[in-house]
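Here's the letter readout for the chains.
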Amino acid sequence: MASVRLIKVNKHFDKDVVAVNSASIDIEDKEFVVLVGPSGCGKSTTLRMIAGLEEVTSGEIYIGDRLVNHVPPKDRDIAMVFQNYALYPHMTVFQNMAFGLKLRKYHKKEIEARVNEAAEILEIQKLLERRPKALSGGQRQRVAVGRAIVRKPKVFLFDEPLSNLDAKLRVQMRTEISKLHSRLETTMIYVTHDQMEAMTMGDRIVVMKDGFIQQIDSPLNLYNNPVNKFVAGFIGSPSMNFLPGVIKEESGKLYFDEGRIKLSLSKEIKERISKYLNKQVILGIRPEDIYEADSAHGISDSASIESVVEVVEPLGNEVFLYLNTGINSYIARVTAHSTPPVDQKLNIVFDMKKVHFFDVNTESAI
């Protein structure tokens, strides 16, 4: 297997379109790395440059110790799984999986052994004589992955492979791909716009926006320590709440003043944001760190806010409350037994140990 290294990689489609801007990523051997971000952020272009399907405008790409900028895709020892599966409709599953090996003049017995081994791993042995039109979406995806496995490449590349599947099958297939990574012990680079896929599958996540890498970190660190407002809002579902307000001082204590509410700030937070006194900042808090006052037991550092219920979304095991302070709206993720009526006033508690603050101008974390 092999590591993958990008050093200040740029991709310009013309003078005005910069798809990837100075991307530097070090992917270790056997690591599962996910590139995630909204449509148009440059993640698929980055993957295609690693594959050799797009030329690098500037910068360097290494697979192992080998510089591959000018190496053709077929000679990079990678295998790619596409969003649309890219199966040949006139060929059987066996023929689709064997096609790349035949082109490389592998012996017939070696081809059969590799295809059967991959089919066993993916549990598609009974499908080998079928054609793609006789397969479900999930089965076609397994065949596409199997075609990559038989190559035994140094690096697997996945370009939004689950986006054509229904929600239930996506959950099943992302589990299967994670199991596959553990079994094959190979380097995998996976592109998705779905932050849930990224959080559940990746050893590390690369968050991209407008061609720039925003943050590279483990899923947990991205969630708990986002470097800016974009990462904070992109990772997590529902996304983090953002409330604009001013840092004020009264009687020697610092407060976050949203206009109608004043949140007393702990000593730790004070040290972080003291230089923002009398300046506007953005407070971020995740929906699961917001509670009804009656259920906020054990939270030592909290602030109480009166809010009005606008919408109630019961989801079985939990409830999303859409609330309004009179100036700002936000979402609370509460326990299933909480279903207050619309327009009811509630006493809501913020866990102040879990809040984040962001600079209004740079949107960087404070």
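In the block above lies the structure referred to throughout.
Cut-offs used in this document
- Residues numbered from 1 in each chain as written.
- Predicted model: local features only at pLDDT ≥ 70, side-chain atom pairs only at ≥ 80, totals over all residues.
- Heavy atoms only, no water.
- Helix = DSSP H or I, 4+ residues; strand = E, 2+ residues; numbered from the N terminus.
- Buried < 20%, exposed > 50% of the residue type's maximum accessible area, 1.4 Å probe, protein only.
- Lys, Arg positive; Asp, Glu negative; His and termini not counted.
- Charge placed at Lys NZ, Arg CZ, Asp CG, Glu CD.
- Salt bridge = Lys/Arg side-chain N within 4 Å of Asp/Glu carboxyl O.
- Contact = heavy atoms within 4.5 Å.

Caption draft 1: Summary view of the overall build of the protein. Per the secondary structure count, the protein includes nine helices and 20 strands. Dimensions of the protein, computed from the C-alpha atoms along their principal axes, are close to 80 × 45 × 35 Å. Taken over 366 residues, the protein has a buried fraction of 49%. Side chains of the protein carry 48 positive and 47 negative charges; the gap between the two charge centres is 7 Å.

Caption draft 2: Layout of the side chain of glutamate 197. Here glutamate 197 lies in helix α6 (residues 195-201). Of the buried charged residues, glutamate 197 lacks a salt bridge, with arginine 170 as the closest side chain of opposite charge at 4.3 Å. Ignoring anything within four residues of it in the chain, the contact list for glutamate 197 reads Leu162, Arg170, Arg174, Tyr190 and Thr192.

Caption draft 3: Inspection of the pattern of salt bridges at higher detail. By the definition in use, this model includes 10 salt bridges. Of the charged contacts in the structure, one is a salt bridge between arginine 204 and glutamate 31, with a shortest N-O distance of 2.6 Å. Of this pair, arginine 204 sits in strand β9 (residues 204-209) while glutamate 31 is found in the loop between β2 (17-27) and β3 (32-36), placing the two residues 173 residues apart along the sequence. Arginine 204 gets classed as partly exposed once you look at its relative accessible area, which sits at 22%. As a salt-bridge pair, arginine 333 and glutamate 318 come within 2.9 Å of each other at their nearest N and O atoms. Here glutamate 318 lies in strand β17 (residues 318-324) and arginine 333 lies in strand β18 (residues 329-335), a separation of 15 residues in the sequence. Note on arginine 333: relative accessible area 26%, which makes it partly exposed. By relative accessible area, which is 17% here, glutamate 318 ends up buried. Sharing partners across several salt bridges, the network here consists of Lys11, Arg48 and Glu54.

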